Amino acid sequence: MGILPKLILASICAAFLAVFCTTPSFHAETLRGVRVLVTGASKGIGEQLAYHYARFGAQIVITARRGEVLRQVADNCLSMGAQRVFYLAADMSNESDPEKVVDFAVEKLGGLDHVVLNHIGASRFAMWDGDVEHTRLLMKVNFFSYVQMAWRALPSLEQNKGSLIVVSSLAGKLSNPFVAPYASTKFALTGFFGALQHELAIKKSNVSISICTLGLIDTESAMKKVRDVVNLPAYPAADAALNIIITGTTRQTDLFYPWYTSVMILCKDLFPSISDYFIQNAYNTIP
Ligand SMILES: NC(=O)c1ccc[n+]([C@@H]2O[C@H](COP(=O)([O-])OP(=O)(O)OC[C@H]3O[C@@H](n4cnc5c(N)ncnc54)[C@H](OP(=O)(O)O)[C@@H]3O)[C@@H](O)[C@H]2O)c1
Ligand SMILES: *[C@@H]1O[C@H](CO)[C@@H](O)[C@H](O)[C@H]1NC(C)=O
Ligand SMILES: *[C@@H]1O[C@H](CO)[C@@H](O)[C@H](O)[C@H]1NC(C)=O
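Residues numbered from 1 in each chain as written. Chains lettered and ligands numbered in written order. Predicted model: local features only at pLDDT ≥ 70, side-chain atom pairs only at ≥ 80, totals over all residues. Heavy atoms only, no water.

Asks: Got a sec to walk through the packing of helix α4 (residues 97-109) against helix α5 (residues 132-159)? Specific residues and values, please.
Replies: Relative orientation of the contacting elements α4 and α5 amounts to 30°, with a least axis distance of 8 Å. Compared by their axis directions, α4 and α5 come out roughly parallel. Judged by the sense of rotation from one axis to the other, the crossing of α4 with α5 is right-handed. Residues P98, E99, V101, V102, D103 and V106 of α4 touch α5, and the partners they reach there are S145, Q148, M149, R152, A153 and S156. (Axes fitted to C-alpha atoms, helices over the stretch in contact; angles between N-to-C directions. Helix = DSSP H or I, 4+ residues; strand = E, 2+ residues; numbered from the N terminus. Parallel < 35°, antiparallel > 145°, perpendicular 65-115°, else oblique. Left-handed = near helix turned anticlockwise from the far one by under 90°. Contact = heavy atoms within 4.5 Å.)

The following block contains the structure:
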């Protein structure tokens, strides 16, 4: 396709998005008493998700590996207005922990209205060095545990007209260098939960699935990796978390946050060689 037809196509897409994708309105009151499970809640975006749900007066179960840190986050949630908070330390690389966490949440809260799958295992920001074992482990933590937890939570979400919220990344839609194992887990998530979205719609299921595509967010772990390497603005974790909750509550299929994520995906599809040039020249040093 030449440049002109592509530009016309892009304008049509933009107009279409503007007309049909206006956000349904969000009412914070509807979250009072809502029963929610948040994973990866000991720091970063997950911790901020827990605090927003707390301020909205939700009933919350949080999980991550470090119990002592979770206890502190749970205390903070209570002082911010959460109706009830429980925590369970669990390791998502373990085969049985993902299901154990869902069972714990359903038992403690008497059912689930929102499930936010957000945790990720540690991974390096570096050239692929052939470490297959790390990739396999990351796949367990970042992908298979999501599949297990979603399946385990579906019956309760179905009963409660619930929302399943999957936190993904631009790296799950557009390949970037230095994150090959991480990107593969995020592409797996978008593929799997995109298919499940269609199946639930075809079945007229009560459950909505929201896939959240995030750009660079200013969490400590992300900043440690890319500071001095990439010139991209990092957006605040608390704002990312609020947008994730709004997307799930209003039952939208996708979130692109911040705005440049959707532009980058569109650019890659329409002008692949220009997009590749910018991606390959966006780094100050080779990590
Ligand atoms: N920050 C960004 O720039 C960015 C960009 C795009 C997408 N995202 C997505 O946003 C989500 C949150 O990212 P983040 O930056 O907030 O991450 P983070 O600060 O590194 O937090 C990761 C969370 O996962 C937990 N965790 C790590 N390994 C675990 C394991 N084996 N089992 C159970 N829990 C484990 C950690 O707690 P413990 O150590 O206590 O287990 C922590 O609570 C992720 O899905 C990420 O892909 C982030
Ligand atoms: C998973 O955790 C259970 C106990 O919680 C333990 O018995 C089992 O050995 C663990 N599995 C792995 C693969 O670490
Ligand atoms: C869907 O939700 C309604 C209540 O909103 C409930 O009565 C119905 O049983 C649910 N369907 C299934 C399959 O659970």
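We are not done yet, so read on.
Asks: Explain the pattern of salt bridges to me, and be specific about the residues and the numbers.
Replies: For the coordinates displayed, the defined rule picks out 7 salt bridges. With a shortest N-O distance of 3.2 Å, K100 and D97 are connected by a salt bridge. Placement of the pair is K100 and D97 together in helix α4, with a separation of 3 residues, close to one helical turn. The exposure class assigned to K100 is partly exposed, which follows from its relative accessible area of 48%. D97 gets classed as buried once you look at its relative accessible area, which sits at 9%. (Salt bridge = Lys/Arg side-chain N within 4 Å of Asp/Glu carboxyl O. Buried < 20%, exposed > 50% of the residue type's maximum accessible area, 1.4 Å probe, protein only.)

Asks: Outline the pairing of strand β3 (residues 84-89), supporting the account with residue identities and numerical values.
Replies: Where strand β2 (residues 59-64) meets β3, 6 bridges bridge the pair, whose relative direction is parallel. What sits directly across from I62, in β3, is Y87. In this region the chain leaves β2, passes through helix α3 (residues 67-80) and returns to the parallel neighbour β3; the handedness of that crossover is right-handed. (Pairing = 2+ DSSP bridges. Right-handed = clockwise from strand over helix to strand, strands pointing away.)

Asks: Hey, could you go over the site of ligand 1 for me, with residue numbers and the actual values?
Replies: Of all residues adjacent to ligand 1, which total 30 residues, the nearest are R65, R66, Y182, T219 and S221. With respect to ligand 1, the side chain of R65 contributes an N or O atom lying 2.7 Å from an oxygen atom. At a separation of 2.6 Å, an oxygen atom of ligand 1 approaches a polar side-chain atom of Y182. Relative to its free-state accessible area of 890 Å², ligand 1 is covered by the protein chains to the extent of 94%. Mapped by element, the contributors of at least two residues to the shell around ligand 1 are α2 (44-55), α5, β5 (163-169), α6 (180-202) and α7 (220-226). Considering each element in turn, the shell around ligand 1 owes the most residues, 3 residues, to β5. Broken down by class, the residue content of the shell around ligand 1 amounts to 14 nonpolar, 11 polar and 5 charged. (Near = heavy atom within 4 Å. Polar contact = N/O pair within 3.5 Å; in protein donor to acceptor, adjacent residues only side chain to side chain. Areas by Shrake-Rupley, 256 points an atom, 1.4 Å probe, with all protein chains shown as cover. Nonpolar A, V, L, I, M, F, W, Y, C, P; charged D, E, K, R; others polar.)

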